[in-house]
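Next come the chains, spelled out residue by residue.
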Amino acid sequence: MIRPLLIVSLLAVGLWQIAGATTIQAKAWLGQVLMERAWSRSRWEDSPVLPWPGAVSHPIARLSVPGLDVDYLVLDGADTPILAWGPGMEVGLNGHRLIAAHRDTHFSFLREISSGQSVQLELANGQVEHWRVSNREIIDSRGLSLNLAASNQQMTWITCWPFDAIDSGGPMRLLVTLKRVPYFDNQLSQTATVDTTGVAL
Amino acid sequence: MFAHRLLGSVLLLFGSSVSLAQGLETDQAMLWLDYDAQSSSTVALVTDIEIEVTGMLAYSVIKQQFLNDSQEWAEGRYVFPLPDGVAVESLRVAVGNRVIAGEIQEREQARITYETARAEGRIASLVEQERANLFSTSIANIAPGEVLEIQIGFRQKIDYVHGEFRLRFPMSIAPPYVPGAALSTEAGSPQDGGGWSENTTRAPDASKITPTLVGPLESTNPVALRVELNSGMPLAYLEASHHLIDKQFDRGLWQITLEGPNADPHKDFELVWRPAVGAHVDSAVFLQRLADQDHALLMLLPPEQFVAQQTRREVTLIIDTSGSMQGESIQQAREALLFALDSLSAQDHFNLIEFNNAASSLFRSPVEASSANLRAARDFVHRLKADGGTEMLKPLDLAMQQQVSAGFLPQIVFVTDGQVGNTVEIIKHVRSTIGDSRLFTVGIGHGVNSQFLDDLARFGRGSAVLIADLWQVQNRMNELVTQLTSPVLHDIELHWPSEVEFLPTQMPDLYIGQPLLVAARGDKLRGDLLVTGLSDGQRWQQVIPLETFQTAPGVAAYWGRQAIQHELDRSGQDISPEESRLRVIDLAVEYQLLSPYTSLVAVDKTPQRSHAAALRRHDVPGYLPDNGQRGQSIMARAMPATDAGMLQRLLRGLLALAMVVLLLLHPFVSRDAALGTDQDTPA
């Protein structure tokens with residue numbers, strides 16, 4: 001008598017957990033698709049465009065890494081509800097950009113990124129910034145906080161570490177630091193951006 | 001340099017792990033700060049400010065007690081603001097019952113003196129000027145558990161504007177926006193100030209003006225403040241603008257103390273007093289004789305009623321919408337702008353410029369102040385949001401390069417908190433490109449860089465006004481608008497009875513509500529001074545008898561301070577920077593004053609610390625201004641959570657499914673198992 005009940009409840013729990021895992025992936029993907037429209041519309045409007053009614057945030061930049069097939073819309077703010085839909089960005093007092101994303105969705109590619117990798121960040125006003133990965137470092141988040149007052153020539157990406165950890169909510173973080181590259185340094189990757197965008201569209 | 005900077009940021013050593021800090025001595029250290037929720041600091045600081053006001057001048061002593069709460073010998077460093085244009089003249093270190101007096105030395109020499117004493121284990125203290133209104137103290141060799149007190153004496157002038165006296169004492173420092181590319185600075189070198197910012201190409205001293213700061217929720221270091229006011233006349237009004245005070249009148253003196261034990265150090269202190277009706281504030285001469293020379297401070301009050309004439313104005317309003325303006329500041333700025341828009345008359349022209357990282361103007365060029373245009377401007381003002389950096393040169397250039405219509409008086413009204421690191425660069429640029437435009441500054445919020453805004457207005461031949469609270473917008477903007485719309489007193493000339501030196505050498509234009517302040521030095525100042533000027537094409541003149549002076553201490557220091565400023569202003573203009581430096585040093589030594597090139601240093605005679613004992617350096621955090629920002633700790637942000645937990649859920653789900661499969665297979669498995677058990681039991 002107990003066995004069928006156990007089987008049914010375990011089946012339910014199992015499917016619910018797997019559905020949850022799939023929803024995470026689905027949200028991460030869907031958020032990007034829905035935001036695409038808001039992003040293109042925000043080019044023509046002064047005020048931020050919400051991707052759907054009641055959305056927690058709106059896209060403020062487009063992040064692309066040529067060579068790794070990475071092309072994400074970045075949302076305003078880095079709080080947990082926002083990160084479900086896309087990488088979130090906060091800008092410090094002096095323009096230091098901080099982008100956070102989940103290790104198992106949008107920032108899973110950080111596993112492969114190495115120093116010297118060039119990165120483009122397109123802003124809402126159409127300006128394209130060129131960046132280069134300068135450092136990767138693993139730190140313990142319990143005793144440190146991010147310095148929002150750092151220079152605008154630096155960008156920090158943050159995600160949880162290790163990538164294969166089974167438990168979530170661990171204290172370790174991977175910090176990837178990027179340095180701004182003047183435009184003229186980067187004629188080659190400029191054409192690369194055009195290519196990736198072409199693919200994405 | 002980074003290891004050193006990191007050590008600097010480890011202010012909150014209790015509990016926060018040193019091992020972590022050591023693990024982080026890399027190129028990246030400046031991106032994050034060590035922090036400790038307990039905010040227990042090893043070197044604590046108690047600040048006690050005593051201000052004595054006599055007439056137009058004040059003498060103040062700021063006492064900083066450094067408490068070493070650790071088991072090791074400590075060195076403390078603290079960066080703090082002082083009122084604009086102060087003349088810092090003395091340093092004393094109190095060790096128990098003994099007092100060590102400081103002396104003025106050339107900046108590099110003073111640093112060597114200090115560092116030598118530090119290495120020898122002597123108690124030593126160094127006070128340096130980082131900016132005209134920003135100073136730092138260092139104190140070396142505080143024994144474990146001991147308290148050392150530093151006393152810094154300085155003089156300042158009281159502002160008399162629009163019929164009231166104002167004494168301002170800044171308490172907080174807002175973190176500035178630092179543009180430019182990072183320079184490599186050697187750790188521990190004189191250029192390295194240990195701040196959170198690196199030195200950059202556009203702000204070469206940024207590391208010295210960016211101390212770590214704490215917000216209202218975390219501050220533990222108390223500040224007390226006391227004012228003794230000898231106003232010399234009956235008063236109708238005496239209040240502090242942002243603090244609650246207790247005041248008592250006794251034997252001709254007002255004693256003002258803060259209600260409650262400590263001041264709120266996140267709000268700037270401002271004391272305002274007005275003479276009683278009938279009491280007359282008149283032009284006055286203050287005199288001090290020093291080293292066989294007369295030093296004088298003259299205050300001239302222009303007539304209050306100019307004959308008003310309608311001048312057509314072309315007003316460009318610039319509004320700072322950078323991140324530091326968030327909170328109440330942007331509201332104050334909006335109100336100020338709306339007030340300025342309301343003051344425009346139909347024949348005036350105007351434009352609006354907004355800036356943060358970039359600057360944009362509402363109209364391509366100034367337009368008529370028609371009701372439709374004004375409506376568009378008000379909508380624009382209501383939509384303003386504060387975010388991003390503070391690239392201040394862009395909007396100023398945009399405004400200064402606008403085509404001025406013939407017959408119009410170009411006025412620029414600049415609304416900002418002045419929080420930038422590259423002030424030197426901006427002032428230099430404005431000086432060379434301002435042309436005929438007049439630049440008026442409106443300083444917003446607590447922790448505003450008022451010295452910088454004052455300098456901008458001085459070189460822009462306008463005036464400066466400060467607003468730190470919403471309720472002040474109406475009053476202060478009213479003062480500004482009166483100045484914008486009334487004619488000025490210009491071409492002011494002084495005719496002295498004998499040969500004297502006087503400052504400023506070029507008299508500024510005088511706006512309504514402002515007195516003319518002149519500092520003078522001569523062998524014997526006697527006879528009548530004739531002051532002439534023009535307003536609206538009419539000649540104005542006033543005679544000041546120099547014989548009817550009041551003696552006042554501090555006038556010589558005021559002269560010295562003005563003379564130093566004069567030489568600094570000439571640097572790179574009509575004299576070379578090196579020549580300017582030498583002149584400043586001469587003046588600073590003659591009048592015993594702190595300057596960009598001279599410091600105060602005090603050294604004890606006998607060493608206290610043995611060579612074997614270690615000395616650890618601690619930077620004591622300053623105070624963030626309280627401008628009603630959402631997050632008070634704008635310096636730091638906790639690490640975000642960056643796990644979606646997908647793998648965890650997937651594994652949990654798969655585990656549950658695997659158990660289902662096991663349960664389904666159970667009948668078959670258990671029968672085999674049962675058989676096995678049966679066989680085993682007999683044995």
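Above this text you will find the structure in question.
Read on for an overview of the structure. Please read these numbers as outputs of a predicted model, since none were measured by experiment.

**Concerning the overall build of chain B**
Thinking step 1. In terms of helices and strands, chain B carries twelve helices and 37 strands.
Thinking step 2. Taking all 683 residues of chain B together, 56% fall into the buried category.
Thinking step 3. Accessible surface, chain B as shown: approximately 28,600 Å² in total, 51% of it carbon and sulfur.

**Observations regarding the packing of helix 4 (residues 328–342) of chain B against helix 9 (residues 472–485) of chain B**
Residue and element names in this part refer to chain B.
Thinking step 1. For the pair helix 4 and helix 9, interaxial distance at closest approach is 10 Å and the crossing angle is 40°. Between helix 4 and helix 9, the angle falls in the class oblique. Helix 9 is crossed by helix 4, and the crossing has right-handed handedness. Contacts between helix 4 and helix 9 involve Gln-332, Glu-335, Ala-336, Phe-339 and Ala-340 from the former and Val-473, Gln-474, Met-477, Asn-478 and Val-481 from the latter.
Thinking step 2. When the residues that make up the contact of helix 4 with helix 9 are grouped by side-chain class, the tally is six nonpolar, three polar and one charged.

**Examining unusual backbone geometry**
Among all residues save glycine, negative phi is the norm, and among peptide bonds the norm is trans.
Thinking step 1. Looking along the chain, the bond that leaves Trp-161 of chain A and enters Pro-162 of chain A is cis, with omega of 0°.
Thinking step 2. Within the secondary structure, Pro-162 of chain A is located in the loop between strand 8 (154–160) and strand 9 (172–181).
Thinking step 3. The peptide bond linking Leu-503 of chain B to Pro-504 of chain B adopts the cis configuration, its omega dihedral lying at -5°.
Thinking step 4. Within the element layout of this structure, Pro-504 of chain B appears in the loop between strand 29 (501–503) and strand 30 (516–522).

**Details of the pattern of salt bridges**
Residues and elements named next belong to chain B.
Thinking step 1. Under the defined criterion, the tally for this structure stands at 42 salt bridges over all chains.
Thinking step 2. Residue Arg-226 pairs with Glu-50 through a salt bridge whose shortest N-O separation is 2.7 Å. A residue pair is termed long-range when its members are at least 10 positions apart, and Arg-226 in strand 14 (residues 223–230) and Glu-50 in strand 2 (residues 43–54) qualify at 176 residues.
Thinking step 3. Glu-50 sits in the partly exposed class, given a relative accessible area of 26%.
Thinking step 4. Among the ionic pairs, Glu-75 bridges to Arg-118, the shortest N-O distance being 3.0 Å.

**Overview of the sheet that holds strand 29 of chain B**
Residues and elements named next belong to chain B.
Thinking step 1. With respect to topology, five strands assemble into an open sheet ordered 29-30-20-19-33, the strand pairing being mixed. Of all the strands in the sheet, the pair left with one neighbour each is strand 29 and strand 33 (549–551). Each strand axis lies, on average, 25° off the axis of its neighbour in the sheet, ignoring direction.
Thinking step 2. For strand 19 (residues 284–290) and strand 33, the ladder comprises three bridges, and the chain directions are parallel. Each residue of the ladder has a partner; that of Val-285, found in strand 33, is Phe-549.

**Here's the deal with the packing of helix 6 (residues 393–400) of chain B against helix 7 (residues 423–433) of chain B**
All names here are of chain B.
Thinking step 1. One way to put it is that helix 6 packs onto helix 7 with a least axis distance of 11 Å and a crossing angle of 5°. By the criterion of interaxial angle, the relationship of helix 6 to helix 7 is roughly parallel. For the pair helix 6 and helix 7, contact is made by Leu-393, Leu-396, Asp-397 and Met-400 and by Glu-425, Ile-426, His-429, Val-430 and Thr-433, respectively.
Thinking step 2. Here the contact of helix 6 with helix 7 is built from residues that sort into five nonpolar, two polar and two charged.

**Quick look at helix 11 (residues 577–591) of chain B**
All names here are of chain B.
Thinking step 1. Under the 1.5 Å per step criterion, the end-to-end length of helix 11 is 21 Å for 15 residues, consistent within 8% with the ideal 21 Å.
Thinking step 2. Buried within helix 11 we find Ser-580, Val-584, Ile-585, Leu-587, Ala-588 and Tyr-591.
Thinking step 3. Along its buried surface, helix 11 packs onto strand 7 (103–106), strand 19, strand 20 (293–300), strand 30, helix 10 (555–570) and strand 34 (598–603).
Thinking step 4. Downstream of helix 11 by a residue or two, Gln-592 has a phi angle that is positive, lying close to 55°.

**A short note on the sheet that holds strand 28 (residues 490–495) of chain B**
Residue and element names in this part refer to chain B.
Thinking step 1. Here three strands make up an open sheet; going across it, the order is 28-31-32 and the pairing antiparallel. Of all the strands in the sheet, just strand 28 and strand 32 (538–545) have a single pairing partner and so form its edges. Ignoring which end each strand starts from, the neighbouring axes of this sheet average 15° apart.
Thinking step 2. The pairing of strand 31 (residues 528–535) with strand 32 spans eight bridges and is antiparallel.

**Quick word on helix 8 (residues 450–459) of chain B**
For the α-helix, the turn length of 3.6 residues means that residues three or four positions removed from each other point alike.
Residue and element names in this part refer to chain B.
Thinking step 1. The element helix 8 is largely enclosed, with a buried count of eight among its ten residues.
Thinking step 2. Among the residues of helix 8, those classed as buried are Ser-450, Gln-451, Phe-452, Leu-453, Asp-455, Leu-456, Ala-457 and Phe-459.
Thinking step 3. Buried residues belonging to helix 8 abut strand 12 (164–169), strand 25 (409–416), helix 7, strand 26 (438–444), strand 27 (464–467) and helix 10.

**Considering the environment of Val-285 of chain B**
Residues and elements named next belong to chain B.
Thinking step 1. Within the secondary structure layout, Val-285 lies in strand 19.
Thinking step 2. Since its relative accessible area comes to 2%, Val-285 is described here as buried.
Thinking step 3. Separated by 15 residues in the primary sequence, Val-285 and Leu-300 place their C-alpha atoms 8.8 Å from one another.
Thinking step 4. Discounting chain neighbours no more than four positions away, the residues touching Val-285 are Ala-296, Leu-297, Leu-298, Ile-544, Pro-545, Leu-546, Thr-548, Phe-549 and Gln-550.

**Quick word on the side chain of His-242 of chain B**
Residue and element names in this part refer to chain B.
Thinking step 1. Of note, His-242 is situated in the loop between strand 15 (235–240) and strand 16 (245–250).
Thinking step 2. Of the polar contacts made by the side chain of His-242, one reaches the side chain of Asp-469; its length is 3.0 Å.
Thinking step 3. If near-sequence neighbours (up to four positions away) are discounted, His-242 is found in contact with Lys-267, Asp-268, Glu-270, His-446, Ala-468, Asp-469 and Gln-472.

**As for the side chain of Asn-68 of chain B**
All names here are of chain B.
Thinking step 1. Looking at the secondary structure, you find Asn-68 in strand 3 (residues 57–68).
Thinking step 2. Given the relative accessible area of 2%, Asn-68 is considered buried.
Thinking step 3. One polar contact links the side chain of Asn-68 to the main-chain carbonyl oxygen of Glu-72, over a distance of 2.8 Å.
Thinking step 4. A polar atom in the side chain of Asn-68 sits 3.0 Å from the backbone oxygen of Ile-142.

Rules behind the numbers
- Residues numbered from 1 in each chain as written.
- Chains lettered and ligands numbered in written order.
- Predicted model: local features only at pLDDT ≥ 70, side-chain atom pairs only at ≥ 80, totals over all residues.
- Heavy atoms only, no water.
- Helix = DSSP H or I, 4+ residues; strand = E, 2+ residues; numbered from the N terminus.
- Buried < 20%, exposed > 50% of the residue type's maximum accessible area, 1.4 Å probe, protein only.
- Areas by Shrake-Rupley, 256 points an atom, 1.4 Å probe, with all protein chains shown as cover.
- Axes fitted to C-alpha atoms, helices over the stretch in contact; angles between N-to-C directions.
- Parallel < 35°, antiparallel > 145°, perpendicular 65-115°, else oblique.
- Left-handed = near helix turned anticlockwise from the far one by under 90°.
- Contact = heavy atoms within 4.5 Å.
- Nonpolar A, V, L, I, M, F, W, Y, C, P; charged D, E, K, R; others polar.
- Salt bridge = Lys/Arg side-chain N within 4 Å of Asp/Glu carboxyl O.
- Pairing = 2+ DSSP bridges.
- Expected span 1.5 Å × (residues − 1).
- Polar contact = N/O pair within 3.5 Å; in protein donor to acceptor, adjacent residues only side chain to side chain.

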